[in-house]
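In case you want the letters, here they are:
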Amino acid sequence: MGRGFHAPSLSPAEIPAAARGARPGVTMEPSQEAEVLDPGPSPGGLSSAEALAALGAFGRRLLWLLPVYLAGRSGLSVGFVLLGLAVYLGWKGARRGKERSLLAAKLLLGDERAAVRATAAGAGLGRELPAWVNFPDVEKAEWLNKILAQAWPFFGQYMEKLLVENIAPSIRASNTHLQTFTFTKIDMGEKPLKIMGVKVHTGANKQQILLDLNVSYAGDVQIDVEVKKFFCKAGVKGMQLHGMLRVILEPLIGDVPIVGALTMFFIRRPTLSINWTGMTNLLDIPGLSSMSDTMIMDSIASFLVLPNRLLVPLVPDLHEAAQLRSPLPRGVVRVHLLAARDLQSKDKYVKGLIEGKSDPYAIVRVGTQVFTSRVINENLNPTWNETYEFVVHEVPGQELEVELFDKDPDQDDFLGSGLEQGVGMWLGGQEGSSAGWETGFFCLFLGRILDPLPHLSPLHQVLQRNKGISSKPEPPSAAILVVYLDRAQELPLAKSGKEPNPIVQLSIQDVTRESKAVYNTISPVWDDAFRFFLQDPANEEVDIQVKDDSRQAGLGSVTVRLARLLSADELTLDQWFQLENSGPSSRIYMKLVCHTAQPCAPGQLDLSETTAYVGSSVDLPSRPTKSSPDAQFGMESVIRIHLLEAESLIAKDNFMGGMIKGKSDPYAKVRLGGQRFRSRVIKEDLNPRWNEIYEVIVNEIPGQEVEFELYDKDVDKDDFLGRCKVPLKRVLSSRFIDEWIPLEDVKSGRLHLKLECLPPTPSAAELEQVLMVNSLVQTARSEELSSTLLSVFVDRASDLPLRKGSKPPSPYVSLSVRDISYKSKVSSQTADPVWDEAFSFLIKRPHVESLELQVKDDGNVLGSLSVPLSQLLETEGLALDHWFQLSRSGPSSQILMRVQLGVLVSQHSGVEALSTPAAGEDEESLPRGSESELYIAEDGEAGSTQELRQRLPQTDSSSELSDSPLGQLRLTVWYHTDERKLIAVVHACRNLRSSSKEIPDPYVSLILLPDKSRATKRKTSVRKRTLNPEFNERLEWELPLEDVQHRKLEAYIKNSVSFMSREKEPIGKVRGGLYDLKDDKSSS
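Rules behind the numbers
- Residues numbered from 1 in each chain as written.
- Predicted model: local features only at pLDDT ≥ 70, side-chain atom pairs only at ≥ 80, totals over all residues.
- Heavy atoms only, no water.
- UniProt positions renumbered as here; feature names shortened; annotations may be inferred.
- Helix = DSSP H or I, 4+ residues; strand = E, 2+ residues; numbered from the N terminus.
- Buried < 20%, exposed > 50% of the residue type's maximum accessible area, 1.4 Å probe, protein only.
- Contact = heavy atoms within 4.5 Å.
- Areas by Shrake-Rupley, 256 points an atom, 1.4 Å probe, with all protein chains shown as cover.
- Pairing = 2+ DSSP bridges.
- Axes fitted to C-alpha atoms, helices over the stretch in contact; angles between N-to-C directions.
- Salt bridge = Lys/Arg side-chain N within 4 Å of Asp/Glu carboxyl O.
- Core = buried A, V, L, I, M, F, W, Y, C linked by side-chain atoms within 4.5 Å.
- Polar contact = N/O pair within 3.5 Å; in protein donor to acceptor, adjacent residues only side chain to side chain.

Per an unreviewed UniProt entry, the recorded name for the protein chain is Extended synaptotagmin-1, and the organism is Sphenodon punctatus. The protein chain has a UniProt comment under Sequence similarities (unreviewed entry) that states "Belongs to the extended synaptotagmin family."

This is the structure:
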């Protein structure tokens, strides 16, 4: 065959001047060279550009002659001209030398091979380098070995601390027979780990750095252990470990430390050799030695050989941790093991005089995935025709290992091995390969990689194509299922009442995978991934069993039909699954991803930066439609602390050296869940009454207590009057406590408390009742009581605006309701942050309050959102869970969060309903205008304080509505015997009428008759421009009960007008007696 000739490609600088049309002997400027290389118009015409270029060249030459002319004009000697010329030539030569040096350095750093060849060509050695000159991809790292040698003693100190303080307690807790296990000697030796070579992979993905480290360790390590109970000593004295460790620096971020995390793993199983001591010397017996090393290698492979990875986060709150630890596979390789030829004969009889054959079988391995073929008896040319499928996790780097053995009763004889490097080559569609040995060969067909992409090919087409493939021992796969096992919650206890050691078994048909065990918890976190091949996903299901590892007792189960997965978005289910045969709130969180297997044509799968998420170490997660809070979100309780009174306190105010005993000025400090409250000071009283209410949001964290401390207020230092504590667990279990509690650390004194647990209820039906009850039980010196609990879960944001200079922001969220505000953590350098945080607010009046949210970056607002809580009252379950559009932000900037309300219904307020619908009677059948009257229970019922209460009637039937055209007033009046106060709560007005055309600004004025002095008058605040004002305000008079029983209460509904206005007549008036609950209503 003829051989084509290829001329070397030269740059314009390397083309001789004569070849470019230049005249010999004329030095050409760059501009002139450009003109020669770029032909102008045809001869016969001169363009303006050419004319300007010619004039410029002529002008430059005149400038060169200008110094000569000036020197002659000034009468200077020719020596000055020659001196100036010499200086100029020296400067020009030095400048060109620096440029050549800089260019050479750039070439050497950019392409060492080309730079060396260019140097060799300049030295007359030709374009080819000597055979001994090579450019290895693997580079030495002696500097790194020197660092390891210097740091090795300190690494030994760390390992000693790790083994003694962490590993040893875990081993002792794992088994009752190992309770006396100890490390008696830990010495990492003087020979450090060595890095024999480093190879850096570049160009595949600009978002990561891949390093392959050739690790070698032949150390004099000595570790001795002892189990004193059995007088058992064992240990290790010397070991060798050799393998290729891959380190991935990913993700790369625009802030220190630049690298977000380190991911480390062995691409294939490393080789291991251990020298045992003590009783473990028995493991050096032939047969046991290889078995022990294999078992240890299996344990190493279980967490440090692909597909297992060790993740070391370098930045806090790394949200990509799950994807980095268990990324989606790069693809699936289908391997056809065909046959072998001319194998060695290993079966010999009569001491080798009679030569037999061999019983060959093959072991095919990629990473930790191993398949063993069937045994072909007495055949040196076996034919298997078997097919195996391997998951490819990393490209480049993974290798296909094949080993052939002769099956024997004792120990199998080795027949040879082969190593097919670069599984990544299969991605290009290479159809086959072969490997051989000195005495034989075998044929191995490497099928094209199956590219696992969602919706890449219709499932029925894949199934139809697989019918035409003959495959043994298993039929070909149509899809691959990846199950990410995250966590479980509220698992049942073991039969002994102890917390279980949960493990999970996942099964599809006859394939079962098992997770690690998590010890002594009912809320385990596994954070593991499992992969299954599917032949017919539409008719298969995955069975999940949660068991107790110690007894293998069932803790719950769930079955997921894969047909449900095929109909999901992106073939993905990412959610909580309720466990069956378990506790009422037991559930497990999993992510199931199914990908169909489509053959990839040669060169189809691109590994460039544009497809970095296709099987890279970071897999692009699908955009969720709902937030994913944990199970405890929105289940916080509110503890209402009612500090009533104390008695028999110690007198601390003594005068004249204690000769005159005074009293105390007591006040109380209350502490719960990190929140502190302080009561008012009661002057000179050993039996103070505070009657103050505090509210705290709590979670069920063990060990919390409600703490009370009493002090005597003094000018200098306050004196201690006693303390008491109530376990929070008791309050949560009993829901209500009303007790006198003795004070500790003092001689006398006790404290009267009411503690109530208010769980949030997701129903607005009782909200109006709660608001009314709160207004009745609220004390004069306490803040307005909360009616609802607002829970906010901020999940993530999307497409936030960038900073100036197109840099991603570092956003955080600021949330506020009234004067209460919270701030989330900062998500570093991202326009798509994930916060995954929950916040809670106590809400007093949800009808008029709103949640204000701002996304900020270093104080700059990236977007804002306002959510009126009245919107939640109109939704089912009082919750909103979706993406919210941010205002003052980008057009597609959104935030995903869940906002929900829970109504705080008190069951022990002492306020109960008197009139309720009778059995079988609808609320709608009640007369319009009639309402449930409220009263405070007497002693022996819900409360211990006797109070008299009445509701001034509005109307008794629908017929009366026409008789009261001026509107209705809802008013509650009662007398508090302990406080000796008359209390009135003005709730609201309805259907008010105004004499003018303008809408009034109403308020309510109350007067105790017969006096009409300022001391007997009270009024509410003004409500602007409304005919249905809501007040819910409390008004009080300090009067004895005997005086109150002889008075009447008159209520005026007035319009707030200016002093000069003529409209001073009230809108309406109500008058009622305070003794017999029989009132006269005026309709003026």
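## Section: the overall build of the protein chain
Secondary structure assignment for the protein chain yields 13 helices and 54 strands. By the burial criterion, 42% of the 1084 residues in the protein chain qualify as buried. In the protein chain, the share of contacts with a sequence separation of at least 24, taken over all contacts with a separation of at least 6, comes to 63%. Looking at the protein chain as shown, the accessible area adds up to about 59900 Å², and 54% of this sits on carbon and sulfur atoms.

## Looking at the sheet that holds strand 19 (residues 502-508)
Read across the sheet, four strands follow the order 20-19-22-23 without closing on themselves; strand pairing throughout is antiparallel. The open sheet has two edge strands with one neighbour each: strand 20 (511-514) and strand 23 (553-561). Across the sheet, the mean angle separating the axes of adjacent strands is 20° when strand polarity is ignored.

## As for the pairing of strand 42 (residues 860-868)
Two strands pair when backbone bridges link them, and strand 41 (residues 850-857) and strand 42 are joined in this way by eight bridges, in the antiparallel orientation. Following the sheet pairing, Leu 851 is matched in strand 42 by Val 867. Between strand 41 and strand 42, which follow one another and run antiparallel, lie two residues, and Asp 858 among them has a positive phi close to 55°.

## Topic: the pattern of salt bridges
Charged atoms that come close allow side chains of opposite charge to pair. Summed over all chains, the structure comprises 29 salt bridges. One salt bridge in this structure joins Arg 561 and Glu 541, with 3.4 Å as the shortest N-O distance. Of this pair, Arg 561 sits in strand 23 while Glu 541 sits in strand 22 (residues 541-548), and the two are 20 residues apart along the sequence. According to the relative accessible area criterion, Glu 541 is partly exposed, its value standing at 37%. Here Arg 640 and Glu 695 are joined by a salt bridge, their closest N and O atoms 2.9 Å apart. With Arg 640 in strand 26 (residues 637-647) and Glu 695 in strand 31 (residues 689-698), the pair connects residues that are 55 residues apart, well separated along the chain. Glu 695 matches Arg 640 in its accessibility class, with the two residues each being buried. The network of salt bridges with common partners includes Glu 709, Arg 723 and Asp 745.

## Structural notes on the nonpolar core
Grouped together as the largest cluster of nonpolar side chains are 34 residues, with contacts concentrated most on Leu 790, Leu 851 and Ile 895. No other element matches strand 44 (residues 894-904), which puts five residues into this core. Apart from the residues lying within four places of it in its own chain, the contact partners of Leu 851 are Leu 790, Val 792, Leu 815, Ser 816, Val 817, Phe 841, Leu 865, Ser 866, Val 867, Leu 869, Met 897 and Val 899. If you look at the next biggest cluster of nonpolar residues, it comprises 31 residues, including Ala 488, Phe 532, Val 560 and Leu 562.

## Notes on helix 11 (residues 767-777)
Helix 11 sits mainly inside the fold: nine of its 11 residues count as buried. Taken residue by residue, helix 11 has Leu 767, Val 770, Leu 771, Met 772, Val 773, Asn 774, Ser 775, Leu 776 and Val 777 as its buried positions.

## Some words on the sheet that holds strand 33 (residues 719-727)
Strands sit in the order 30-29-32-33 across an open sheet of four strands; the sheet is antiparallel. Taken across any chain shown, the strands that pair with only one partner, and hence form the sheet edges, are strand 30 (675-678) and strand 33. Averaged over neighbouring strand pairs, the angle between their axes works out to 15° when direction is ignored. The sheet contact formed by strand 32 (residues 705-712) and strand 33 spans eight bridges and is antiparallel. Following the sheet pairing, Val 706 is matched in strand 33 by Val 726.

## Quick notes on the side chain of Ser 864
Tracing the chain through its elements places Ser 864 in strand 42. Polar contacts involving the side chain of Ser 864 include one to the side chain of Arg 888, which spans 3.4 Å. In this structure, Ser 864 is in contact with Leu 853, Gln 854, Leu 886, Ser 887 and Arg 888, ignoring residues within four places of it in sequence.

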